[in-house]
Amino acid sequence: MNKFTLLLFVLIPLFGFSQQPAKKVLTMDNYSTWNTLKNPIISNDGKVIAYEINPQKGDGNLVVHNHKQQHILPRGYKAQIGSGNDFIIYHIKQPLSTIRKAKKDKVKKDKMPGDSLGIYVFDHDSAVLFPNVKSYKLPKENASWIAFTAKKGKKKVSKEEGDESAENEKKEVKKDKKEEPEGDDLVLFNIANADTLLFHYVTEYFYAKKGNGIVFVSQAKDSINTYSTVHYFNTETNNTKELFSSEGWVKKITADELGGQVAFLHSIDTIEEKVYKMYYTHTETGNPEVVVEANMLGVPLGWSPSENGNVSFSENGSKLFVGMASTPKPEPEDSLLEEEKPKLDIWNWKDLKIQPQQKVESSKEKKRTYIGVFHIEKKRFVQLEDLNISNLRFIQKQNGDVALGRDTKSYQRETSWTGKWSADYYLVDIPSGIKRQVLMEKEHVWLSPTGKYLVWYEPADSSYYCQSTILGELKEVALTKAIPVNFYEETNDMPIDPRPYGIAGWSENDKFVFIYDRYDIWKIDPAGYRVPVNATHAFGRRNKTRLKYVKLDKEEQFIPSDERIFLSAFDERTMASGYFSAILDNAKDPKLEMMDHYMFDNIAKAKDADKIIWTKQNIEVFPDLWSSNLHFQHAEKLSLANPQQSEFNWAKVEVVEWTSFTGENLRGLLYTPENLNLKKKYPMVVYFYERSVHTKNRHYFPYPSRSTINKTFYASNGYCVFVPDITYKDGYPGQSAYNAIVSGVNNLIITRPFIDKENIGLQGQSWGGYQTAFLVTETEMFKAAMAGAPVSNMTSAYGGIRWESGMSRMFQYEHTQSRLGGTLWDRPLIYIENSPLFNAPKINTPLLMMHNDNDGAVPWYQGIELFVALRRLDKPAWLLTYNGEPHNLKAESWANRVDLSKRMFQFFNHYLKGDEAPEWMEKGIPAVDKGKKLGY
């Protein structure tokens, strides 16, 4: 009895304290099933919220919340909610299996299975589906009809054996196909009663913003000519009206906000180089007239409206803007064979842009247009932009009578080595087209919303200045010079003038301009009569919290200084973020609405209700979607994208601090496994770029790499990951990285005994790849290193090309990221000292590199130079080159991303965990086995 009692006494606590099953470790099989949340939207009344939930590989869903009900719309995306809150319209992707089969069957791109269109009407609780959709359009207001285009249907001909009529019909169809007009089917769908109207061979359509009308162009052909017709559909009367019909082509159809005024381009030319005229009409008259054409008053000689430009009305409908260009002329007939033509690029030292940049931009330049305006009431055309002054910035939604233009030609050539984007600025008078130079050689310039003032930032004294745009009132006013705080980026450590923090906006009638310093917003009189006021009462600076204005109303042109506004907040001390509200005319500090140890994003407000949606995330919390009122009260979590996360061993993160070798106080992030055992030893990978501590609350779900390690995946698999902040000294970027990173690792080895100091690796991409390559020339602390797209030789890279943009690389070495602070011929030893290639014999750390053959940022030969040096020196090195891939693997390159993830993981597992080396590391993969053998 006593023995039994004793046994029972022992068994009870054993069962009561049984351990929970161990969490699973993330594997690469989890990548495809992990979901993402994209494109959240909210209806005008705040009662309908929708978002996409998509696996990384597979078919996703559109999720709709309506009146506390949830609807799952399979494979839905590109959604919009009707302005009346009564329906949602969306594209429906074909199943991934269908697309895959079509690709496998080598179906041509234009024959691939297309999207369907779904229209879910809430009152009917059902969706109407249409196949083969190409696009849809909704107005901002009064969306009673939906307009969309679909691929036009094809005749089907069935033939019984010996049926000559069917054979003749088939021949007739084939004959007609040659003459078939261009265009698609335009479908108009009525939300209230599901009425459907169909129009064939529609080449363009436009929906007026206020929802009053739809204009579209249809095409017809006979055996000789093409005919185009402009139609107007009145969404209130449901009547269709023909506005214009003529031989030729109509392009760029548009209407004003009310749908009453219509404009388009028209040409009767049959050659490829068509000359267009711009027509204008009112839907009530329906008698379009030519308002802009070549050789008319106001049009520059040799110019005409261009099909490559835009045609648009100002918001108030008083102005009609059009893109103009040189009138196209037929190319002379070419009598030479291709082999009889010389093929070369001629580089001229006087060129404003070097040949590679010109070639990259050539297609854009061939289609470049210059904005002109037709004043409707005065029936007058004025050319606004010209060959020098372009990139106009309009105000008041193009209602204003002044615009700001830029002329960059004087500074384009030197941009290659200065890294500056200076321009001379001009005020352009919209009624007359007169241009007046107001500023020279400036980078940061703003025109006030009503056009009264120009504000610019002056790097020479780090101050903002202002002047009136009115002739005779051009006195300069120093806006911030006397304010005892900095208005430039205080953490800048590049040998270039730091950028300003920028302008938050203006108060009504340009009475005040709101300017950011690092933490706060200043309310400043642009005329200089009133003393500047810290509108946020130095709350940000006192609390080391950055405050930024949040524009919840996208139509808003002014910041209301006497109404409550939203401010985003980021605490530099704790990395917490959130939102405050404030009245900028108020003497009170900003009011806390929400602040927590998360990263908040995707905030959007319902147009007609005090309801918002937002996401929050940290390393452990996926950025699911939430909704609440404007004060974040009654918050409701709407999505649960990845409920399976709780089953896996995840990552945790902490901020670590240390003193660098140069005496600076630095910070970084340390990611550790969720199940960290302080008695064990963990290998560590050190990843870095520049500064990253502000990303403490960013979530990293498991995904295949485009170039860098996945912190969560590595932590789940028993690694620690260290991300140190780096500060730089001009001329010594490599040594600066060493001083920050190695000192940080030393600190962790001392303060975190669970880190295995014998098994520490490095990983970086691009600038991080360069620093990785440099570090292994300076220390043998690291057992293995992976460098993605590293610059290895700054002397050859300096004269190289950024092939994606075609620009010279000089500016980034002299003034920006590479931070060398001078030319190659002025500081040759600095270039050599910072180049890993010249110290390749000192490298004893096994080095894996990825450098792709279509890298448009860091030339591929930089990776090759270091690899062939290490190969010659008989050092362990590998170079992964993904064919046709850019600087980072493309997002859609799933197979390549998974492959890189596997090889990088195998590399680190071999050196830091002692796993057996895979075949590709031991023997390589011969070129003859490419695509057949992976060597994992």
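Residue numbers restart at each chain and count upward from 1, following the sequence in its written direction. Reporting in this predicted model follows two pLDDT cut-offs: at least 70 for local features of residues, and 80 or more for side-chain atom pairs to be given and counted; totals over whole chains, interfaces and linings ignore these cut-offs and use all residues. As a rule here, side-chain values come from all non-hydrogen atoms in the structure, and water together with hydrogens is ignored.

Visitor: Got a minute to help me understand the overall build of the protein in this structure?
Guide: Strands are runs of DSSP state E lasting at least two residues, helices are runs of H or I lasting at least four, and both sets are numbered from the N terminus onward. For the protein, the helix and strand inventory stands at 15 helices and 54 strands. Seen through its C-alpha atoms, the protein measures out along the principal axes to roughly 100 × 85 × 75 Å. Buried residues are those whose accessible area, probed at 1.4 Å on protein chains only, stays under 20% of the maximum for their type, while exposed residues exceed 50% and partly exposed ones sit between those limits. Expressed as a percentage of the 936 residues in the protein, the buried residues total 52%. The criterion used for residue contact is that any of the two residues' heavy atoms lie within 4.5 Å. Expressed as a percentage of contacts within the protein between residues at least 6 apart in sequence, the contacts between residues at least 24 apart total 55%.

Visitor: Quick question: what am I supposed to make of the side chain of Ser-314 here?
Guide: As for its position among the elements, Ser-314 is in the loop between strand 21 (311–313) and strand 22 (319–326). The exposure class assigned to Ser-314 is buried, which follows from its relative accessible area of 1%. In protein, a polar contact requires one atom able to donate a hydrogen and another able to accept it; more generally it is a pair of N or O atoms within 3.5 Å, and residues adjacent in sequence count only if both atoms are side-chain atoms. Here Asn-316 takes part through its side chain, which lies 2.8 Å from a polar atom of the side chain of Ser-314. Discounting chain neighbours no more than four positions away, the residues touching Ser-314 are Lys-319, Phe-321, Lys-397, Gln-398 and Asn-399.

Visitor: Hey, could you run me through the sheet that holds strand 3 (residues 61–66) in this one?
Guide: The strands making up a sheet associate through backbone hydrogen bonding, with each pair oriented either parallel or antiparallel. For two strands to pair, DSSP has to find at least two bridges joining them. The antiparallel open sheet is built from 4 strands, whose spatial order is 1-2-3-4. The outermost strands of the open sheet, each flanked by one partner alone, are strand 1 (35–42) and strand 4 (69–74). Adjacent strand axes in the sheet meet at a mean angle of 20° when their direction is disregarded. Where strand 1 and strand 2 (residues 48–55) come together, 6 bridges link them in antiparallel fashion. Geometry is summarised by axes, namely lines fitted to C-alpha atoms with helices restricted to the contacting stretch, and by angles between N-to-C directions that run from 0 to 180 degrees.

Visitor: Explanation requested: the nonpolar core in the structure shown.
Guide: The tendency in soluble globular proteins is for nonpolar side chains to be buried as a group. Counting 58 residues, the largest nonpolar core has Tyr-671, Ile-709, Tyr-714, Leu-900, Phe-907 and Phe-908 as the members making the most contacts within it. When residues in this core are grouped by element, the largest group, 9 residues, is from helix 14 (residues 894–913). If sequence neighbours within four positions are ignored, Tyr-714 has contacts with Val-685, Ile-709, Tyr-719, Val-721, Met-904, Phe-905 and Phe-908. Tyr-728, Ile-760, Leu-847 and Leu-866 belong to the second largest nonpolar core, which has 51 residues in total. In this description, a nonpolar core means a group of buried Ala, Val, Leu, Ile, Met, Phe, Trp, Tyr and Cys residues linked to one another through side-chain atoms lying within 4.5 Å.

Visitor: What am I meant to see in the packing of aromatic side chains here?
Guide: When the centres of two rings from Phe, Tyr and Trp lie within 6.5 Å, Trp using its six-membered ring, the rings pair. Their planes under 30 degrees apart give stacked, over 60 give edge-to-face, and anything left gives tilted. Summed over all chains, the structure comprises 52 aromatic pairs. On the basis of an interplanar angle of 65° and a centroid distance of 6.1 Å, the ring pair of Tyr-579 and Phe-600 is categorised as edge-to-face. Of the two residues, Tyr-579 is situated in strand 39 (residues 577–583) and Phe-600 in strand 41 (residues 599–605); the sequence distance between them amounts to 21 residues. A relative accessible area of 10% places Phe-600 in the buried class. Ring geometry for Phe-907 and Tyr-911: centres 5.3 Å apart, planes at 65°, overall edge-to-face. Residue Phe-907 and its partner Tyr-911 are located together in helix 14, separated by 4 residues, close to a single helical turn. There is no split in this pair, since Phe-907 and Tyr-911 are both buried. Put simply, the rings of Tyr-31, Phe-713, Tyr-714, Tyr-719, Trp-878, Phe-905, Phe-907, Phe-908 and Tyr-911 touch in pairs and so form one group of aromatic residues. Either the NZ atom of lysine or the CZ atom of arginine qualifies as a charge over a ring when it sits within 6 Å of the ring centre and within 35 degrees of the ring normal. Stacked on the ring of Trp-626, the Lys or Arg Lys-616 has its end atom at 4.6 Å from the ring centre.

Visitor: I would appreciate a short explanation of a nonpolar patch on the surface in the present structure.
Guide: A patch consists of residues exposed above 30% relative accessible area that lack any salt bridge, with like charges linked at up to 9 Å and nonpolar side chains (Val, Leu, Ile, Met, Phe, Trp, Tyr) linked at up to 5 Å. All accessible areas in this document rest on Shrake-Rupley with a 1.4 Å probe, and a residue is counted as covered only by the protein chains that are shown. Salt-bridge detection follows one rule: a side-chain nitrogen of Lys or Arg within 4 Å of a carboxyl oxygen of Asp or Glu. Where nonpolar side chains cluster on the molecular surface, the patch consists of Leu-829, Ile-832 and Phe-838 and spans about 290 Å² of accessible area. As for its placement among the helices and strands, Leu-829 is situated in helix 12 (residues 828–833).

Visitor: How should the side chain of Ser-561 be read in this particular structure?
Guide: Turning to its location among the elements, Ser-561 is positioned in the loop between strand 37 (545–550) and strand 38 (564–571). Assessed through its relative accessible area of 13%, Ser-561 is described here as buried. Residue contacts for Ser-561: discarding those within four places in its chain leaves Ser-507, Phe-514, Ile-583, Leu-584 and Asp-585.

Visitor: Quick question: what am I supposed to make of the environment of Trp-34 here?
Guide: Residue position: Trp-34 is located in the loop between helix 1 (2–16) and strand 1. Residue classification places Trp-34 among the buried residues on the basis of a relative accessible area of 0%. Between the alpha carbons of Trp-34 and Asn-391 there is a distance of 43 Å; along the sequence they are 357 residues apart. Ignoring sequence-local partners within four residues, the contact set of Trp-34 consists of Leu-26, Asn-54, Pro-55, Gln-56, Asn-642, Gln-644, Gln-645, Phe-648, Trp-650, Phe-701 and Pro-702.

Visitor: Would you mind showing me how to read unusual backbone geometry here?
Guide: Trans peptide bonds make up the majority, and among non-glycine residues the majority have a negative phi. Positive phi values are uncommon outside glycine, yet Ser-462 reaches one of about 55°. By the secondary structure assignment, Ser-462 is in the loop between strand 30 (453–458) and strand 31 (463–468). With a phi angle near 60°, Arg-819 is a residue other than glycine that sits in the positive phi range. Within the secondary structure, Arg-819 sits in the loop between helix 11 (810–814) and helix 12. A relative accessible area of 1% means that Arg-819 is categorised as buried.

Visitor: Just to check I follow, could you spell out helix 8 (residues 733–751) for this structure?
Guide: Because each turn of an α-helix spans 3.6 residues, side chains separated by three or four positions in sequence point in the same direction. Take the residue count of a helix, subtract one, and multiply by 1.5 Å to get its expected span. Under the 1.5 Å per step criterion, the end-to-end length of helix 8 is 27 Å for 19 residues, consistent within 8% with the ideal 27 Å. Of all 19 residues in helix 8, 14 are buried; the element is thus mostly enclosed.

Visitor: Which parts of the structure should I look at to understand the pattern of salt bridges?
Guide: All told, the structure shown has 40 salt bridges when counted by the stated rule. Here Lys-890 ties to Glu-885 by a salt bridge, and the two come within 3.5 Å at their closest N and O atoms. Owing to a relative accessible area of 2%, Glu-885 belongs among the buried residues under this scheme. In this structure, Asp-899 and Arg-903 form a salt bridge, with 2.8 Å as the shortest nitrogen-oxygen distance. In this pair, Asp-899 and Arg-903 are both assigned in helix 14, 4 residues apart and thus about one turn of the helix distant.

Visitor: Would you mind showing me how to read the packing of helix 8 against helix 9 (residues 767–778) here?
Guide: Working note: a packed helix pair is described by the angle between its axes plus the distance between those axes. Contact pair helix 8 / helix 9: the axes reach a minimum separation of 9 Å and the direction vectors enclose 80°. Relative to helix 9, the element helix 8 lies roughly perpendicular. Taking contact as the criterion, the partners of Pro-733, Gly-734, Gln-735, Ala-737, Tyr-738, Ile-741 and Val-742 in helix 8 are, on helix 9, Trp-767, Tyr-770, Gln-771, Phe-774, Leu-775 and Glu-778. When residues are grouped by polarity, Ala, Val, Leu, Ile, Met, Phe, Trp, Tyr, Cys and Pro land in nonpolar, Asp, Glu, Lys and Arg in charged, and all others, Gly among them, in polar. Of the residues contributing to the contact of helix 8 with helix 9, the split by class is 9 nonpolar, 3 polar and 1 charged. Orientation is classified from the angle alone, with under 35 degrees giving roughly parallel, over 145 giving roughly antiparallel, 65 to 115 giving roughly perpendicular, and any other angle giving oblique.

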